[in-house]
Amino acid sequence: MHADHTTRRGEVTIRDLSKSFALNGQPLPVLRNLQLKIASGESLAIVGPSGCGKTTLLRILAGLEQPDAGQVLIDCLPMRGMGAERAIIFQEPRLLPWLTVLGNVAFGLDVQGTPPAEAKARARHYIRLVGLADFETAFPRQLSGGMAQRVGIARALTVQPEILLLDEPLGALDAMTKLIMQEELSRIWREEQVTMVLVTHDLEEAIYLADRVLVLPKEKGAVARLIEVNLPRPRERSDNDFVAMRRRLMAEFGLSRPVMGSNVGL
Ligand SMILES: Nc1ncnc2c1ncn2[C@@H]1O[C@H](COP(=O)(O)OP(=O)(O)O)[C@@H](O)[C@H]1O
Ligand SMILES: [Mg+2]
């Protein structure tokens, strides 16, 4: 963690947050009285069964969705709508097909009115950071899935957010690319000292990247749980402590024995 207690940049406080949707005229409670403080520079993973509200929570944090009750504070101030201190990364990077990698990454700055030369210089810095320096002039259709997602990450970082919100950002990538990207995300998080909130259905990814894991329940009346990941970094997936942590997290889902394959049906 990179806690900076003097300025608390990127600290998130979630107070009594509740959200329901309507399903066939009936209220469908999704988040119930959620309480959580995410420290400045912390890496928090959110896991839970499909439909438990992970995306809803992230969208509320992004300002794309309104809660029914409760409050989100960013650095002790009530959050209002979307803001430049937060950037969100989705599973699909949604690049603009008519712009090059450089154009896509600089786009957010161009929109903000940053002078073009400065926008380009900053975009180049983050393109280098995600390892795509040789692909500045490539168009999205010329990129692999992993490369496209790197562009998405560079684009989010270019506006220098305090808080990076990621919704299953590696979910569409093949297994090998995913492992490489997890290492990249870990490095980028460390270098940028950004607060990271990562939704994932991959328990190993959560343990690899997070300081704490928030487990959202699906059943009515069940409460969210928080699990600390007290493992030194860089983390090694085959370490005994890592494996033990994985077993513990799986037990949270009633999976006491390892199941066949990596997809545990979440
Ligand atoms: N805009 C919406 N209108 C109605 N129901 C929604 C809406 N968004 C999400 N839901 C419902 O809320 C629940 C949680 O959805 P979501 O946050 O996407 O779950 P997760 O990301 O954990 O899979 C689901 O049952 C989903 O159908
Ligand atoms: Mg989701």
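Just so it is clear, the structure is predicted and the values come from calculations on it, not from any experiment. (Residues numbered from 1 in each chain as written. Chains lettered and ligands numbered in written order. Predicted model: local features only at pLDDT ≥ 70, side-chain atom pairs only at ≥ 80, totals over all residues. Heavy atoms only, no water.)

## Overview of the site of ligand 1
Lining the immediate surroundings of ligand 1 are Phe 21, Leu 28, Val 30, Pro 49, Ser 50, Gly 51, Cys 52, Gly 53, Lys 54, Thr 55 and Thr 56. Note that an oxygen atom of ligand 1 is positioned 2.7 Å from one of the backbone N or O atoms of Gly 51. At 2.8 Å, a side-chain N or O of Thr 55 approaches an oxygen atom of ligand 1. Across the complex, the protein chains shield 60% of the 560 Å² of accessible surface that ligand 1 would expose by itself. Those elements that place two or more of their residues in the shell around ligand 1 are β2 (26-38) and α1 (54-62). Per-element tally for the shell around ligand 1: the top contributor is α1, with three residues. A class-by-class count of the residues in the shell around ligand 1 yields five nonpolar, five polar and one charged. (Near = heavy atom within 4 Å. Polar contact = N/O pair within 3.5 Å; in protein donor to acceptor, adjacent residues only side chain to side chain. Areas by Shrake-Rupley, 256 points an atom, 1.4 Å probe, with all protein chains shown as cover. Helix = DSSP H or I, 4+ residues; strand = E, 2+ residues; numbered from the N terminus. Nonpolar A, V, L, I, M, F, W, Y, C, P; charged D, E, K, R; others polar.)

## Topic: the sheet that holds strand β3 (residues 43-47)
The pairing of strands in a sheet happens through backbone hydrogen bonds and is either parallel or antiparallel. Strand order in the open sheet made by the six strands is β6-β7-β8-β3-β9-β10, with mixed pairing throughout. Two strands in the sheet have a free side with no partner beyond their single neighbour: β6 (86-89) and β10 (225-228). Ignoring which end each strand starts from, the neighbouring axes of this sheet average 20° apart. Sheet topology note: the β3/strand β9 (residues 212-215) ladder contains four bridges and is parallel. By the bridge assignment, Leu 44 is partnered in β9 with Arg 212. Along the sheet face, helix α4 (residues 145-158) touches β6 and β7 (163-167) and points at about 170° away from the line of β6. Contacting β9 and β10, helix α7 (residues 240-252) crosses the sheet at an angle of about 175° to β10. (Pairing = 2+ DSSP bridges. Axes fitted to C-alpha atoms, helices over the stretch in contact; angles between N-to-C directions. Contact = heavy atoms within 4.5 Å.)

## So, the domain arrangement of the protein
Looking at the protein, the domain boundaries give domain 1 (1-85 + 162-179 + 188-266) and domain 2 (92-160). In this structure, domain 1 and domain 2 have C-alpha centres spaced 26 Å apart. Between domain 1 and domain 2, the residue contacts involve ten residues of the former and 13 residues of the latter. When the two sides are added together, the surface that domain 1 and domain 2 hide from each other amounts to roughly 870 Å², 67% of it contributed by carbon and sulfur. When the buried surface of domain 1 facing domain 2 is broken down by residue, Leu 164, Ile 188 and Glu 192 rank first, second and third, together holding 44% of it. Applying the counting rule to domain 1 against domain 2 returns zero salt bridges. Taken together, the connections running from domain 1 to domain 2 amount to two residue pairs in polar contact (both at pLDDT 80 or more). (Domains from an automatic or database assignment. Buried area = accessible area lost by both parts, 1.4 Å probe. Salt bridge = Lys/Arg side-chain N within 4 Å of Asp/Glu carboxyl O.)

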